[in-house]
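# Tertiary structure, described
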Amino acid sequence: MSDIALLRLRGVVKKFGGFTALHGIDLDIREGEFFTIVGPSGSGKSTMIRLLVGMDDISAGEIMLRDQRIDQTPANLRPTCMVFQSLALFPHMSVGQNIEFPLKLRKDSPAKRRERALELLDLLRLPRTYYDKRISQCSGGEKQRVALARALAFDPEILFFDEPLSALDYRLRKALEKELKDLHVRTGKTFVYITHSLEEAMVMSDRIAIMKEGKIEQIAVADEIYSAPVSRFVAEFMGEVNLFDVISVDGETLQSSALTISNDVTQSTLPVGGKGLLMVRPEDVQFVGSKDHFDYVLEGKIHAEYALGSRIQYEVEADGKILTVETLRESRIKDSEGLPVTLGFNASKTHLIGDA
Ligand code: ATP
């Protein structure tokens, strides 16, 4: 992945009548990166991708591809963009005919088309014998791969994906997530992907943009979005989280009503009297034994327990709310419900969100 911006959005606004769906988006998508846009329903993800591929007009702003302005260019004349949608396959045609469709439009010779289609079957790890197979005889996962092969046959610089895996069952989705990531590496192309699913975004992306109400709330690499969210919204959107209201006593030391904080924890970057949220993920909170030392400690009572395969999740009533703690299965607590517990975590595992 390079640092060069392949696609640049500046002040992009989209209005539908009196309703503003996108409020002045600034965004650089780099050449060769796997860029994912996540956000709740209605946050503007599909609107954004429709503008990028030219299916809809922008209301204000600019979209640049390298140094060329493309926001006024019709979709069919944006040679670099292609949306991948399995539903758009031709069911009455063979796999080969589907993949070759863009090459036929380009008037490539039949021999050349066939050669490229077979190469793409190899790339997508489908047997070459599938060339003659009917689309209607393919499984859901195979259809997704054919659709991808066809998108790649256009040889676009950027591939856009609009929730391509959302209709598939869990196992197939997991397998295709890995395949897509692998395909991204093998093709070196720029992938722009939108999804509701945080998990999907975390597995595949180089960088993630989180959208909320037509604005981008944060753009960062997946790890940073998870461990250092800029707001309560991002923290909560990126999985289970525990948040404590804190106030900075003297610009260095934090204070919270519920937490007992050891004196040496001086990590506040808030101004004196500034309010914030101290965040800790469930996997970083532990049940405190008599000899343990933690920077932050609080008392609570186990409210519920859920088995999540290899991990156990506990809901603990403390600080007037429900906190979440995750442990490995081997550390499971017997007869946990109603048990009084002490929870502990260290400052190094926390993240402070300012302006709460
Ligand atoms: P989802 O995940 O549910 O697909 P999304 O994040 O993709 O949601 P969009 O489809 O981009 O959200 O919609 C953003 C907002 O714009 C929504 O409030 C939606 O109702 C509105 N919107 C989208 N298209 C139109 C339209 N053609 N006319 C009016 N409003 C629209």
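Nothing here was measured: the structure is a model prediction, and the numbers come from that model. Numbers given to residues run from 1 along each chain, matching the order in which its sequence is written. Reporting of local features is limited, given that this is a predicted model, to residues whose pLDDT is at least 70; pairs of side-chain atoms are given and counted only at 80 or more, and all residues count toward the totals for whole chains, interfaces and linings. Derived side-chain values reflect all non-hydrogen atoms in the structure, with water molecules and hydrogen atoms excluded from consideration.

### Notes on the sheet that holds strand S4 (residues 60-65)
- Pairing is antiparallel in the open sheet, where four strands are placed in the order S2-S1-S4-S5. Both edges of this open sheet fall to strand S2 (19-30) and strand S5 (68-69), since each of them pairs with a single strand only.
- As paired strands, S4 and S5 are joined by two bridges and run antiparallel to one another. For Leu65, the partnering residue across the bridge sits in S5 and is Gln68.
- Working rule for contacts: check all heavy atoms of both residues, and any pair within 4.5 Å makes them a contact. For helices, the fitted line uses only the C-alpha atoms of the stretch in contact; every axis is such a line through C-alpha atoms, and the angle between N-to-C directions lies from 0 to 180 degrees. Here a helix means four or more residues in a row that DSSP labels H or I, a strand means two or more in a row labelled E, and each is numbered from the N terminus. Running at roughly 120 degrees to strand S1 (residues 5-16), helix H1 (residues 45-53) makes contact with S1, S2 and S4 of the sheet. When DSSP finds two or more bridges between two strands, those strands count as paired.

### What to know about helix H5 (residues 170-187)
- Spanning 18 residues, H5 covers 25 Å between terminal C-alpha atoms, matching the ideal 26 Å at 1.5 Å per step.
- Summary of the burial criterion: residues with accessible area below 20% of their type's maximum are buried, those above 50% are exposed, and those between are partly exposed, where the area comes from a 1.4 Å probe applied to protein chains only. For H5, every residue scored as buried is listed here: Lys174, Leu176, Glu177, Leu180, Leu183 and His184.
- As for H5, its buried residues are in contact with strand S3 (34-38), helix H3 (110-123), helix H4 (140-153), strand S7 (158-162), strand S8 (190-195) and helix H6 (198-204).
- Once H5 ends, the next one or two residues include Gly188, with phi positive near 70 degrees. Between the first and last residue of a helix there are one fewer steps than residues, each counted as 1.5 Å, and that sum is the expected span.

### Observations concerning the site of the ligand
- Throughout, near means a residue has at least one heavy atom within 4 Å of the molecule or strand. Close contacts around the ligand come from Phe16, Phe19, Ala21, Pro40, Ser41, Gly42, Ser43, Gly44, Lys45, Ser46, Thr47 and His196, and that covers them all.
- By the criterion applied in these results, polar contacts are pairs of N or O atoms within 3.5 Å in which, for protein atoms, one can donate a hydrogen and the other can accept it, and in which residues neighboring in sequence qualify only through two side-chain atoms. Take Lys45: an N or O atom from its side chain is 2.8 Å from an oxygen atom of the ligand.
- Within the side chain of His196, a nitrogen or oxygen atom sits 3.1 Å from an oxygen atom of the ligand.
- Computed on the free molecule, the ligand has an accessible area of 630 Å², of which 58% lies beneath the protein chains in the complex.
- Looking at the shell around the ligand, the elements that each hand over two or more residues are S2 and H1.
- Of all the elements, H1 adds the most residues to the shell around the ligand, at three residues. All accessible-area figures derive from a Shrake-Rupley calculation using a 1.4 Å probe, and residue coverage is judged against the displayed protein chains alone.

All quantities given are derived from atomic positions and should not be read as evidence of function.
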